[in-house]
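Working through the structure, step by step
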Amino acid sequence: MDLIIKHTEDGKGVYLIINKVTNQCYVGSTRNSLYKRMVEHRRHLRKGVHINKKLQYSYNKYGDDSFYFKYKKVSNEDDILKFEYRFYKLYKTYYNIATDILNGGKPNLGAKLTKEWKNNYAKAYTEELK
C-alpha cells in the first residue's frame, strides 16, 4: 500500500484510500494527524480487523499493492468539511458506509459530533448545492 505522506508532514485534512484495480475509494477526514490516520487504516487492513467490512473484503481480495492513499492538507477546520463533501461527490466512494456525513454513522464510531461541527458541515453542504 502506497503511503505518500511522510511522518514529518503532519496535519489535518481529507484523504482517499483508492483501489487501483477497481478505482473505487473511501473518503475520510481527520482533525488531528493525516499521517497517523492513514497508518491506522493501513495497520487495521493488514491485520484484517478494519471496521469497514467492504474495504476490508476488497483489501483481502486485491491485496496490499492494489491500494494507495491521496490526501489534501487543510489548515482551517471548516474547510475540511467542504473538501470532504466535494471529494465524496467527485470520487466513486464505494467503500463509505455512512452516506449522510452530517449525522454521523459507523465511520464516526465513538466520536461525538458537536452541534458546532454539524452546523459548519450543514453550512458547507448548502454552499455546495448553490
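For the structure itself, consult the block above.
Summarised in this report is the structure supplied together with it.

Rules and cut-offs
- Residues numbered from 1 in each chain as written.
- Predicted model: local features only at pLDDT ≥ 70, side-chain atom pairs only at ≥ 80, totals over all residues.
- Heavy atoms only, no water.
- Salt bridge = Lys/Arg side-chain N within 4 Å of Asp/Glu carboxyl O.
- Helix = DSSP H or I, 4+ residues; strand = E, 2+ residues; numbered from the N terminus.
- Buried < 20%, exposed > 50% of the residue type's maximum accessible area, 1.4 Å probe, protein only.

A few points about the pattern of salt bridges
Applying the stated criterion to the full structure yields 3 salt bridges. With a closest N to O distance of 3.1 Å, D64 and R46 form a salt bridge. Placement of the pair is D64 in the loop between α2 (53-62) and β3 (67-73) and R46 in helix α1 (residues 34-47), with a sequence separation of 18 residues. Overall, the relative accessible area of 47% leaves R46 in the partly exposed class. The shortest N-O distance in the salt bridge between K82 and D79 comes to 3.8 Å. Separated by 3 residues within a single helix, K82 and D79 lie in helix α3 (residues 77-90), roughly one turn from each other. Judged by relative accessible area, which is 24%, K82 ranks as partly exposed.

A look at the environment of E84
Relative to the elements of secondary structure, E84 occurs in helix α3. Sequence separation of E84 and G13 is 71 residues, and the distance between their C-alpha atoms is 8.5 Å.

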